[in-house]
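Results of the structural survey
The residues making up each chain are set out below.
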Amino acid sequence: MSVILGPNRYGKAETRLVRVVRDGDVHHLKDLNVSSSLSGDMEEVHLTGSNAAVLPTDSQKNTVYALARKHGADQIEDFALLLARHFVSTQPTIHHARVAIEEYAWDRAGDHSFVRNGTEVRTCLVHHDRDGRTTVVSGLKDLVVLNSTGSEFHGYIVDEYTTLQPTTDRVLATAVTAQWRHLSDRSDFAKSYDDVRRALLEAFAGTHSLSLQQTLYAMGERALNARDDLAEIRFAMPNKHHFLVDLTPFGLDNDNEVYYAADRPYGLIEGTVLRDDAPDAGFAWE
């Protein structure tokens with residue numbers, strides 16, 4: 001039997017970058033987590049241990065800091081594109097760069113004071129190769145939302161192991177992870193993010209839900225209608241179950257007021273909503 005080297009890549013994961021922009025007495029804060037991953041002529045490093053084609057991961061980390069100083073780091077998609085193109089254009093042995101960034105939001109509490117904004121995280125994933133092919137996926141994760149009514153669940157399969165009771169009035173809560181693929185790498189990423197986030201929240205709040213799947217589709221449809229420069233949007237949405245507490249042992253009723261919030265196990269709903277003419281994603285999601 002003989003073996004060969006399969007697909008491979010290497011990089012620097014989770015480089016933490018905090019950049020302060022000083023506009024007189026008013027400061028602006030960017031808090032990022034940057035991961036880069038490179039691939040190309042890497043056969044020799046695997047087969048013989050020669051590092052001649054390898055850009056050290058430490059150099060990748062330093063590149064993040066240096067380019068942030070030289071060019072700024074405003075929209076994470078633009079910064080990821082800058083990094084990916086730099087790695088491919090400056091190193092002949094690097095044929096493909098993948099850059100993923102998470103951004104942590106801070107709310108202003110003064111000219112130079114900030115308060116960390118909850119759990120929601122903005123994300124992006126950029127690919128660029130030496131043939132000039134580029135893809136951009138924006139997104140968010142841990143966007144926790146809840147409807148206290150306007151949600152039902154009934155009419156499902158009932159088998160010998162079913163104990164769940166149907167309901168026409170339940171709490172619907174989830175932590176949204178959503179990623180949307182751009183048709184161009186020249187979008188106004190700031191406005192696009194705001195538009196998509198607003199569409200997701202409006203659809204979640206405005207949909208009378210018979211299932212979390214129905215809500216997922218409504219959110220994706222609203223986002224694609226809001227932005228004609230998007231090809232598709234993918235979701236992962238855990239159902240954060242809220243169960244009514246039985247208070248009858250204490251002589252009390254419970255008219256949808258007191259709930260137990262269960263953290264596990266949970267239903268996990270995943271799905272993609274895309275335009276029927278969406279171009280092939282290529283390596284965008286890798």
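An account of the accompanying structure is given in this report. (Residues numbered from 1 in each chain as written. Predicted model: local features only at pLDDT ≥ 70, side-chain atom pairs only at ≥ 80, totals over all residues. Heavy atoms only, no water.)

Some points on the layout of surface pockets
In this structure, the largest pocket spans a volume of roughly 550 Å³. Lining the largest pocket we find 22 residues, and of these Phe153, Leu164, Arg170, His241 and Phe243 sit closest to its centre. Those elements giving two or more residues to the lining of the largest pocket turn out to be α5 (212-226), β8 (242-244) and β10 (267-274). With three residues, the top contributor of residues to the lining of the largest pocket is β8. Empty space within the second largest pocket amounts to approximately 470 Å³. At the level of elements, β2 (26-40), β3 (94-108), β4 (114-129) and α4 (189-206) are the ones that each hand at least two residues to the lining of the second largest pocket. (1 Å grid on protein atoms, 1.4 Å probe; cavity = no way out; pocket = protein on both sides within 12 Å on 5 of 7 lines; lining within 4 Å. Points joined across faces, edges and corners; volume = space filled by probe spheres on them. Helix = DSSP H or I, 4+ residues; strand = E, 2+ residues; numbered from the N terminus.)

Details of unusual backbone geometry
Residues Arg264 and Pro265 are joined by a peptide bond in cis, for which omega reads -10°. With respect to the secondary-structure elements, Pro265 resides in the loop between β9 (259-261) and β10. With a phi close to 60°, Glu14 is a non-glycine residue in the positive phi region. By secondary structure assignment, the location of Glu14 is in strand β1 (residues 10-23). The class for Glu14 is exposed, based on a relative accessible area of 54%. Phi is positive for Asn256, which is not a glycine, with a value near 55°. With respect to the helices, strands and loops of the structure, Asn256 is situated in the loop between β8 and β9. (Buried < 20%, exposed > 50% of the residue type's maximum accessible area, 1.4 Å probe, protein only.)

Here we look at the sheet that holds strand β5 (residues 134-147)
Sheet architecture is open: eight strands sit in the order β1-β2-β3-β4-β5-β6-β7-β10, paired in antiparallel fashion. Strands with a single pairing partner mark the edges of an open sheet, and in this sheet they are β1 and β10. For this sheet, the mean angle separating the axes of adjacent strands, direction not counted, is 20°. Across nine bridges, the pairing between β5 and strand β6 (residues 172-182) is antiparallel. Within the sheet, the bridge partner assigned to Leu140 lies in β6 and is Ala178. Of the strands in this sheet, β1, β2, β3, β4 and β5 touch helix α3 (residues 76-90), which is tilted by about 35° from β4. Sitting on the sheet, α5 touches β6, β7 (230-239) and β10, and the angle it makes with β7 is about 150°. (Pairing = 2+ DSSP bridges. Axes fitted to C-alpha atoms, helices over the stretch in contact; angles between N-to-C directions. Contact = heavy atoms within 4.5 Å.)

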